[in-house]
Amino acid sequence: MSCHSIGMGLNEVVRMVITLYDKGDISMDTTKKLLATCSQAVYWCDGHEYEALDYIRRCRCGKCLRLIPKGERLYSLYDTYEMFHIFRDERLGSDGLCEECFDALIPKYCQDGETLQTVKDMIIKNYEDEPARYMSQGEPPKSNNGFEWARSVDWFD
Ligand SMILES: [Zn+2]
C-alpha cells in the first residue's frame, strides 16, 4: 500500500520553497534543486511525486517557474509517452510545462514519427471530456492534496 503522508509533508516544503522564491530569497536554480529533491524524497517511503509537487504542478511552469494564468495551457510531462527522463535531463522543478516551454523542449525528444503537434493532439484528445486537466488553475491549491495545511511557520516572517 502506498504512502500519502510523505508527499503531503514534502508538499509543505514545496509551498515554502516557492514562497521564498517569490520573495526573491532564493534563485531559480536553487528553487528547482529543492523542488526536485522534494519530489524524489518521496521514495524514502512508497510515496507519489505528484503529491509532493501538488502546490505547483497545476498552476506553475516547471521550467520558467512562472505562475500561469487560469485557463492557459499547462501540459504535464506525465501525459507524454516515454518522456519521464525530460524531467531530469532538463533539470525541471515540476512536470507541468507552460505552452512556451513545452514547445521549446518537446521537439528534441520526439521519436518514431512524433512531432510537437502530434504530442499535443494526443494530450488534448486524452482529456477531451476534461480539458481543465491540461490547463492551469491559475493559483495554487487552497489545501494540501485535499487536506488542511499544517500550521505555518510564520514566526520567521
Ligand atoms: Zn514555462
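1. Focus: the overall build of the protein chain
Here is step 1 of the chain: For the protein chain, the count of helices and strands is seven helices and two strands.
Here is step 2 of the chain: Across the protein chain, helices and strands are ordered from the amino to the carboxyl terminus as α-α-α-α-β-α-β-α-α.
Here is step 3 of the chain: Here the C-alpha atoms of the protein chain give a radius of gyration of 16 Å, agreeing with the 15 Å that 2.2 N^0.38 yields for 157 residues.
Here is step 4 of the chain: Referenced to the eigenvectors of the C-alpha coordinate spread, the extents of the protein chain come out at roughly 55 × 40 × 30 Å.
Here is step 5 of the chain: Taking all 157 residues of the protein chain together, the buried fraction comes to 30%.

2. Here's the deal with the domain arrangement of the protein chain
Here is step 1 of the chain: As far as domains go, the protein chain holds domain 1 (1-58 + 141-157) and domain 2 (63-138).
Here is step 2 of the chain: One C-alpha centre belongs to domain 1, the other to domain 2; they are set 21 Å apart.
Here is step 3 of the chain: Contact residues are listed per partner, giving 10 residues for domain 1 and 10 residues for domain 2.
Here is step 4 of the chain: Put simply, the parts of the chain that give the side of domain 1 that touches domain 2 at least two residues each are α2 (28-41) and α4 (54-57).
Here is step 5 of the chain: It is α2 that contributes the most residues to the side of domain 1 that touches domain 2, five residues altogether.
Here is step 6 of the chain: Here the residues of the side of domain 1 that touches domain 2 are counted per class, giving six nonpolar, one polar and three charged.

3. Here we look at the packing of helix α1 (residues 5-22) against α2
Here is step 1 of the chain: The interhelical angle for the contact between α1 and α2, taken along N-to-C directions, is 175°, at an axis separation of 10 Å. In this view, α1 runs roughly antiparallel relative to α2, as classed from their interaxial angle. Residues Leu10, Val13, Val14, Val17 and Tyr21 of α1 form the contact with α2, whose own contacting residues are Thr31, Leu34, Leu35, Cys38 and Ala41.
Here is step 2 of the chain: Here the residues of the contact of α1 with α2 sort into nine nonpolar, one polar and no charged.

4. What about the environment of Arg73?
Here is step 1 of the chain: Inspection of the secondary structure assignment puts Arg73 in the loop between α4 and β1 (74-76).
Here is step 2 of the chain: The spatial distance from the C-alpha of Arg73 to the C-alpha of Ser136 is 5.9 Å, given a sequence separation of 63 residues.
Here is step 3 of the chain: Apart from residues lying up to four places away in sequence, Arg73 is in contact with Glu99, Tyr134 and Met135.

5. Details of the environment of Leu35
Here is step 1 of the chain: Along the chain, Leu35 turns up in helix α2.
Here is step 2 of the chain: Put simply, Leu35 and Gly62 are 27 residues apart on the chain and 9.3 Å apart in space, counted from C-alpha to C-alpha.

6. Some remarks on the nonpolar core
Here is step 1 of the chain: Formed by 26 residues in total, the largest nonpolar core has its most connected members in Val14, Cys61, Leu74, Leu97 and Cys98.
Here is step 2 of the chain: When residues of this core are traced back to their parent elements, those giving at least two are α1, α2, α4, β1, β2 (96-98) and α6 (99-105).
Here is step 3 of the chain: Ranked by residue count, the leading element in this core is α1, at five residues.
Here is step 4 of the chain: Both domains that furnish three or more residues to this core are identified here as domain 1 (1-58 + 141-157) and domain 2 (63-138).
Here is step 5 of the chain: Non-local contacts of Cys98, meaning those with residues more than four positions away in its chain, are made with Cys61, Cys64, Arg66, Ile68 and Leu74.

The rules behind each value
- Residues numbered from 1 in each chain as written.
- Predicted model: local features only at pLDDT ≥ 70, side-chain atom pairs only at ≥ 80, totals over all residues.
- Helix = DSSP H or I, 4+ residues; strand = E, 2+ residues; numbered from the N terminus.
- Rg over C-alpha atoms; globule rule 2.2 N^0.38 Å.
- Buried ≥ 20, exposed ≤ 12 C-beta atoms within 10 Å, placed from the backbone.
- Domains from an automatic or database assignment.
- Contact = placed C-beta atoms within 7 Å.
- Nonpolar A, V, L, I, M, F, W, Y, C, P; charged D, E, K, R; others polar.
- Axes fitted to C-alpha atoms, helices over the stretch in contact; angles between N-to-C directions.
- Parallel < 35°, antiparallel > 145°, perpendicular 65-115°, else oblique.
- Core = buried A, V, L, I, M, F, W, Y, C linked by C-beta atoms within 7 Å.

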